[in-house]
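Commentary on secondary and tertiary structure
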Amino acid sequence: VGKPVYTSDRMYELTPPGVSMGLAWTANGGSVLFIESRFTNPIDAFDVSSSDEKADKTSGASGSLILTGKLGDVMKESCTIALTYAKSFLQQLDPKNRSLRVGHIHVHVPEGATPKDGPSAGCTIVTALLSLGLNKPIRQDVAMTGEVSLTGRVLPVGGIKEKVIAAKRANVHTVILPYENQKDYNDLQDFIKDGLIVHFAKTYADVYKIIFDDQ
Amino acid sequence: VGKPVYTSDRMYELTPPGVSMGLAWTANGGSVLFIESRFTNPIDAFDVSSSDEKADKTSGASGSLILTGKLGDVMKESCTIALTYAKSFLQQLDPKNRSLRVGHIHVHVPEGATPKDGPSAGCTIVTALLSLGLNKPIRQDVAMTGEVSLTGRVLPVGGIKEKVIAAKRANVHTVILPYENQKDYNDLQDFIKDGLIVHFAKTYADVYKIIFDDQ
Amino acid sequence: VGKPVYTSDRMYELTPPGVSMGLAWTANGGSVLFIESRFTNPIDAFDVSSSDEKADKTSGASGSLILTGKLGDVMKESCTIALTYAKSFLQQLDPKNRSLRVGHIHVHVPEGATPKDGPSAGCTIVTALLSLGLNKPIRQDVAMTGEVSLTGRVLPVGGIKEKVIAAKRANVHTVILPYENQKDYNDLQDFIKDGLIVHFAKTYADVYKIIFDDQ
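Every value quoted in this text rests on a predicted model; they were computed, and no experiment measured them. (Residues numbered from 1 in each chain as written. Chains lettered and ligands numbered in written order. Predicted model: local features only at pLDDT ≥ 70, side-chain atom pairs only at ≥ 80, totals over all residues. Heavy atoms only, no water.)

A look at the overall build of chain A
Across its full length, chain A carries 8 helices and 9 strands. Taking all 215 residues of chain A together, 53% fall into the buried category. A sequence separation of at least 24 residues applies to 73% of the contacts in chain A between residues at least 6 apart. Accessible surface computed for chain A: about 9400 Å², of which carbon and sulfur atoms make up 52%. (Helix = DSSP H or I, 4+ residues; strand = E, 2+ residues; numbered from the N terminus. Buried < 20%, exposed > 50% of the residue type's maximum accessible area, 1.4 Å probe, protein only. Contact = heavy atoms within 4.5 Å. Areas by Shrake-Rupley, 256 points an atom, 1.4 Å probe, with all protein chains shown as cover.)

So, the interface of chain B and chain C
With 20 residues of chain B in contact, the opposing surface of chain C contributes 28 residues. Buried area between chain B and chain C, summed over both chains or domains, comes out near 2000 Å², and the portion from carbon and sulfur atoms is 66%. One can count 0 salt bridges joining chain B with chain C. Connecting chain B to chain C are 9 residue pairs in polar contact (both at pLDDT 80 or more). Tallying contributions element by element places helix α2 (residues 73-93) of chain B first for the side of chain B that touches chain C, with 7 residues. Residues that form the side of chain B that touches chain C fall into these classes: 8 nonpolar, 5 polar and 7 charged. (Buried area = accessible area lost by both parts, 1.4 Å probe. Salt bridge = Lys/Arg side-chain N within 4 Å of Asp/Glu carboxyl O. Polar contact = N/O pair within 3.5 Å; in protein donor to acceptor, adjacent residues only side chain to side chain. Nonpolar A, V, L, I, M, F, W, Y, C, P; charged D, E, K, R; others polar.)

Some remarks on the packing of aromatic side chains
Under the defined criterion, the tally for this structure stands at 21 aromatic pairs over all chains. Relative to Tyr208(A), the ring of Phe89(A) has its centre 5.0 Å away and its plane inclined at 55 degrees; by these criteria the two rings are tilted. Note that Phe89(A) is positioned in helix α2 (residues 73-93) and Tyr208(A) in helix α8 (residues 204-213), a separation of 119 residues in sequence. A centroid spacing of 5.9 Å and a plane angle of 65 degrees characterise the contact between Tyr185(C) and Phe200(C), whose relative ring orientation is edge-to-face. Of the two residues, Tyr185(C) sits in helix α6 (residues 182-186) while Phe200(C) sits in strand β9 (residues 197-201), which places them 15 residues apart along the sequence. Of the residues examined, Tyr185(C) reaches a relative accessible area of 7% and is grouped as buried. Note on Phe200(C): relative accessible area 22%, which makes it partly exposed. Among the aromatic residues, those joined into a cluster by ring pairs are Tyr85(A), Phe89(A), Tyr204(A), Tyr208(A) and Phe212(A). The residue whose ring lies beneath Lys193(A) is Tyr185(A), and the NZ or CZ to ring-centre distance is 5.8 Å. (Phe/Tyr/Trp six-rings, centres within 6.5 Å; stacked < 30°, edge-to-face > 60°. Lys NZ or Arg CZ within 6 Å of the ring centre and 35° of its normal.)

Focus on the interface of chain A and chain B
Every contact between the two is made by 19 residues of chain A and, on the other side, 29 residues of chain B. Interface area, chain A with chain B, both sides summed: about 2000 Å², of which 65% is carbon and sulfur. There are 0 salt bridges connecting chain A and chain B. Counting across the chain A and chain B interface gives 9 residue pairs in polar contact (both at pLDDT 80 or more).

Thoughts on the confidence of the model for chain A
All names here are of chain A. Residue-level pLDDT values for chain A average 88, and 86% of them are 70 or greater. Segment residues 1-7 is flagged for pLDDT under 50; beyond a separation of four residues in sequence, or across chains, it makes 3 contacts in the model. Note that pLDDT drops below 50 for residues 53-60; the model gives that stretch 11 contacts with residues more than four away or on any other chain. (pLDDT = per-residue confidence, 0-100.)

Here we look at the relation of the copies chain A and chain B
Once turned by 60 degrees and shifted 0.5 Å along the axis, chain A lies on chain B with an RMSD of 0.0 Å. What we have between these two chains is a six-fold relation. (Least-squares fit on C-alpha atoms with pLDDT ≥ 70 in both.)

Here is the structure:
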């Protein structure tokens, strides 16, 4: 059973709405990882002018969450945390957009045969879900890593060196890291940091500004 | 796989509504731990003047509870106990506030990859839930530990020394301990107790007075 | 990892409605054990004059049961049996009191980290539930042990000697034992039986008379 090899540098050159790019740390070093999300019901999620009553009838009063991609328990919990946070973030941003609240959501992390675990994709999953809920692609060529707490705090993660190298290898030149990992980044050798734009995030709101507002 | 180290003393300097600060006892000694809680549905929970009928329609007749943070079985049960108790406590306090009864609640304990278990976060979880239900931050710089029973009795816990040291290390100078642990605290050396204000609680009502009423 | 030790003889000096006192038999000998029960919804359970329709609307058509306290499978089944029996007993006693039938009930057995199992808390659980449903504290300073069948037969249990000693140690001087354990009690040495009032119960109705009617 040979491992599939990508001919291009990465799986997506352009990510559609609902997809975000993260950085993972595996036994074999760092790698770029994509989070894919989709609604499983065709709600009029993006018709923000629709009355609450109509949306409720179409989709049921509350949504659901399906997870695939051979995710471990901690990563499954990360998806649950990301959804709760993304719902409240979207509620603040646009109270009329009920898509994440009423939508039935499927989150998948390719490749399906590779086991994945850990909390460090938190920011990436929140980003995918907001992109889905807003029906808006994220800023291209930005990869990120960082655990996210239920209130949107960005917590430090491991493998900064491997992840940064993976980003460069995939031709990604803007990276978002947790604020608490600033020292780990600063300790890297200059030739690794060369040509890279790095943002450090304390809360998810910092990530959002870079990913969605700067467009 | 190095463990991330916080450069600041603790994750939250100021806790928002729904978040409380506890003291945990791990294999590596004591540590400060935060309980985060959020509603996953945007109910008009704090519109205490809303009629029951309206709130019921918005959110369904009864709430639900999602738990994340790699919690063991005993800690999951602690969350269930804390919710039942917090509901009845809030009902006594303000019968019109239906938030905890009808809200869909998510409780998370960062960091997501660290397994946590045991009953000693009971008081801390009740506090987070009441802060959420009242939409009111808790008194800052107070950490607590204590099992809580279904009727709000505060039961003694282990690791008092380690927990008190962890509080001081995190610059927390007010600590709430179970009344039954008074002797354990008194046995500590003076240099540990120096500069610390300690309250001993027999029931959760004692904790509430310190956390919410003294503001 | 030291086990917390109670400075007082027992967790409750006075038990509120919904709480009863049992006798348990553990690897370390006998001990006093409390069963705590609470409604998780604020039904007008005690407004026995409320019409069925109103109560149904407030609380949903049928109740539910949540169990916590690290209970084993047999003890969980004991709770289920106790609830079925307590419902029918209360129905006989006061057909208008629908509290146990429509209430969402939470039964907890402190302390939360101690595993508990076995059927011998049956009578104690029925008593806690009737106390909850009647909103009436049980007679103080009475502890009991005994398996209960679905029709209210009280079945014999083990550890009579250890349980009786535990009751005396906790300053409890009235004990209810299964009728079938009379011989085990009679075999105890006189200094153990001294100062103790013992009732032997064949059915739960015998227990009820002592716990609720004699007040």
